[in-house]
Amino acid sequence: MRPETPSLPGILTAAEVARTAASIAAMQEPDGAIPWTVGEHVDVWNHVEGAMAMLVGGEVEAAERAYEWCLRTQRPDGSWPMKIVAGEVEDASSETNMSAYLAVGVWHHWLVRRDVRFVRRHWPVVQRALDYVVSMQLPFGGIAWSQEWADGRPAKVNAEGLLAGSSSIYQALRAGVALSELMDEPQPEWELAGGRLGHALRRHRDDFLDKSEFSMDWYYPVLGGAVRGDDGVDLVNSRWETFVEPGLGIRCVSKNPWVTGAETCELVMALDALGDRDRALQLLADMQHLRSDDGKYWTGYVFPDDVNWPAEHTTYTAAAVILAVDALGHGTGGSDIMRGTTLAAHFDEMALECGCELSRRS
């Protein structure tokens, strides 16, 4: 455990955070991959989140092996397969938000370690990934959520946008531009795409696929950084009663009596980004009933039945806890990664093609 390992008095000690980071490392596969849980699949978004959390929790070598996995497994078009199980591709399709997230991880590594050699090594991979992602932008500004593969090649693009996924991409584009400034390699196409995407997330949320029953679609425009300030507060308050279960956490799906740890911790970080520290701390404390003695975390809890379900401990839940503690505890240089003050500036809304009044003036 390093001296800067974060903690929050009354919620988690630094030693407990380190134990949780070690639990992620213990589930890491020999090639560096971080599966959802032992024997489950790997996707690059949750994999990178796990690497970020291990870095915060002192598992530096394991985190950097995870990033090496990203280098080895990226495809020529800049994407990664949606599902890899024990080193074998189970679903070759690609999700744009998954491919984009490496930029967030590499910027986070820079904030924590200030290792420019690491950034230089990963910069070409980030470039290919974000070039791929912005090539999937739709006319209204959202990003097509996925592309199918056939016969070993990219195939049909599923040309609808997911609100949560596009919100995550907005954060990734800001991280990518921050990296481009560090590398002195400007990326104006990313900035243009980011401006159009931010406009869509602020003004055209109804043009995304309707996934409003999922809590992620509720808070992710705030978490990803496109919606902040009073608009962010209003958005969070608009469905608070729908999703928040006092003393337990938040529901994953509005109609199901099931709270999940990862979504709860992501909302914690969104609240922190809005300056709502009291509710953030309360929710993080509330979800600790999912913690096991060995530092692992159950995925969720079905409260009418008083049972943890599914019967598994997941790396992504543990990772979200660590990143939330870091955000609230200001423990490492990476604690700002969701607040976003170290990211590139928000993008200008230019060359809009959505057809709204603002687009006609731009």
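That block above? That's the structure.
It should be emphasised that the depicted structure is a prediction, and the values quoted were computed from it without experimental measurement.

### Notes on the overall build of the protein chain
When helices and strands are counted, the protein chain shows 15 helices and ten strands. Radius of gyration (C-alpha) of the protein chain: 19 Å, near the 21 Å computed for a compact globule of 362 residues. If you line up the protein chain on its principal axes, its C-alpha atoms span 55 × 45 × 40 Å. Going through the 362 residues of the protein chain one by one, you find that 60% of them count as buried. In the protein chain, 31 positive and 53 negative side-chain charges are present, and the distance between their average locations comes to 3 Å.

### Here we look at the sheet that holds strand 10 (residues 307–308)
Spatially, the five strands line up as an open sheet ordered 6-7-8-9-10, and their pairing is antiparallel. Looking at the sheet topology across the chains shown, the edges are occupied by strand 6 (244–245) and strand 10. Sheet topology places strand 6 next to strand 7 (residues 249–251); two bridges connect them, and they run antiparallel. Its bridge partner lying in strand 7, E245 is registered against G249. Docked against the sheet, helix 12 (residues 261–273) engages strand 6, strand 7 and strand 8 (258–260), running at close to 60° with respect to strand 8.

### Thoughts on the pattern of salt bridges
If the charged atoms of two oppositely charged side chains come close together, the side chains can form a pair. Across all of its chains, the model carries eight salt bridges by this definition. A salt bridge links E353 to R196; the shortest N-O distance between them is 3.4 Å. One end of the pair, E353, is in the loop between helix 14 (315–329) and helix 15 (357–361); the other, R196, is in helix 8 (residues 188–203), with 157 residues separating them in the sequence. According to the relative accessible area criterion, R196 is buried, its value standing at 11%. Measuring nitrogen to oxygen at the nearest pair gives 2.8 Å for the salt bridge that ties D272 to R339. You can see D272 sitting in helix 12 and its partner R339 sitting in the loop between helix 14 and helix 15, a full 67 residues away along the chain. Per residue, the accessibility class of D272 equals that of R339, and both read buried. One salt-bridge network, in which partners are shared between bridges, spans D272, D336 and R339.

### A few points about the pairing of strand 4 (residues 144–150)
Along any regular strand the residues' side chains alternate between the sheet's two faces. Examined bridge by bridge, strand 3 (residues 94–95) and strand 4 share two bridges and lie antiparallel to one another. Following the sheet pairing, S94 is matched in strand 4 by Q147. The pairing of strand 4 with strand 5 (residues 153–161) spans five bridges and is classified as antiparallel. Bridge pairing in strand 5 places A150 opposite R153.

### Some details on helix 8
The end-to-end C-alpha distance of helix 8, which contains 16 residues, comes to 22 Å, matching closely the 22 Å that a straight helix rising 1.5 Å per residue would cover. Residues of helix 8 that are buried include every one of W190, A193, G194, G195, R196, L197, G198, H199, A200 and L201, and no others.

### Some remarks on the side chain of N46
Structurally, N46 is set in helix 2 (residues 44–56). On the accessibility criterion, N46 (14% relative accessible area) is buried. In this structure, N46 is in contact with W36 and Y316, ignoring residues within four places of it in sequence.

### As for unusual backbone geometry
Put simply, W309 and P310 share a cis peptide bond, and its omega is -10°. Looking at where P310 falls in the secondary structure, it is placed in the loop between strand 10 and helix 14. For R114, which is not glycine, the phi dihedral falls at a positive 55°. Tracing the sequence through the fold places R114 in the loop between helix 5 (102–113) and helix 6 (116–134). By relative accessible area, R114 is classed as exposed at 52%. Of note in the backbone geometry, D306 takes a positive phi value of approximately 50° without being a glycine.

### Observations regarding the environment of S254
With respect to the helices, strands and loops of the structure, S254 is situated in the loop between strand 7 and strand 8. Judged by relative accessible area, which is 21%, S254 ranks as partly exposed. Excluding residues within four positions of it along the chain, S254 makes contact with E213, T242 and F243.

### Points about helix 1 (residues 14–27)
In an α-helix, one full turn covers 3.6 residues, which means residues spaced three or four apart are oriented alike. Taking 1.5 Å per residue as the helical rise, helix 1 with its 14 residues ought to reach 20 Å, and the 20 Å between its terminal C-alpha atoms agrees with that figure. Of the residues making up helix 1, those classed as buried are A14, V17, A18, T20, A21, S23, I24, A25 and M27. Each element contacted by the buried residues of helix 1 is listed here: helix 2, helix 3 (60–73) and helix 14.

### Observations regarding the packing of aromatic side chains
To describe a pair of aromatic rings, one takes the distance between the centres and the angle between the planes. For the coordinates displayed, the defined rule picks out eleven aromatic pairs. One residue, R75, lies across the ring of W149, its end atom 3.7 Å from the ring centre. Stacked on the ring of W240, the Lys or Arg R279 has its end atom at 4.0 Å from the ring centre.

### A closer look at the packing of helix 6 against helix 7 (residues 163–183)
As a packed pair, helix 6 and helix 7 sit with axes 10 Å apart at the nearest point and diverge in direction by 135°. The angle between helix 6 and helix 7 places the two elements in the oblique class. Between helix 6 and helix 7 lies a crossing of left-handed hand. Note on element contacts: helix 7 touches helix 6 through I169, A172, L173, G176, L179, S180, L182 and M183, opposite V116, V119, R120, W123, V126, L130, V133 and V134.

Quick notes on the rules
- Residues numbered from 1 in each chain as written.
- Predicted model: local features only at pLDDT ≥ 70, side-chain atom pairs only at ≥ 80, totals over all residues.
- Heavy atoms only, no water.
- Helix = DSSP H or I, 4+ residues; strand = E, 2+ residues; numbered from the N terminus.
- Rg over C-alpha atoms; globule rule 2.2 N^0.38 Å.
- Buried < 20%, exposed > 50% of the residue type's maximum accessible area, 1.4 Å probe, protein only.
- Lys, Arg positive; Asp, Glu negative; His and termini not counted.
- Charge placed at Lys NZ, Arg CZ, Asp CG, Glu CD.
- Pairing = 2+ DSSP bridges.
- Contact = heavy atoms within 4.5 Å.
- Axes fitted to C-alpha atoms, helices over the stretch in contact; angles between N-to-C directions.
- Salt bridge = Lys/Arg side-chain N within 4 Å of Asp/Glu carboxyl O.
- Expected span 1.5 Å × (residues − 1).
- Phe/Tyr/Trp six-rings, centres within 6.5 Å; stacked < 30°, edge-to-face > 60°.
- Lys NZ or Arg CZ within 6 Å of the ring centre and 35° of its normal.
- Parallel < 35°, antiparallel > 145°, perpendicular 65-115°, else oblique.
- Left-handed = near helix turned anticlockwise from the far one by under 90°.

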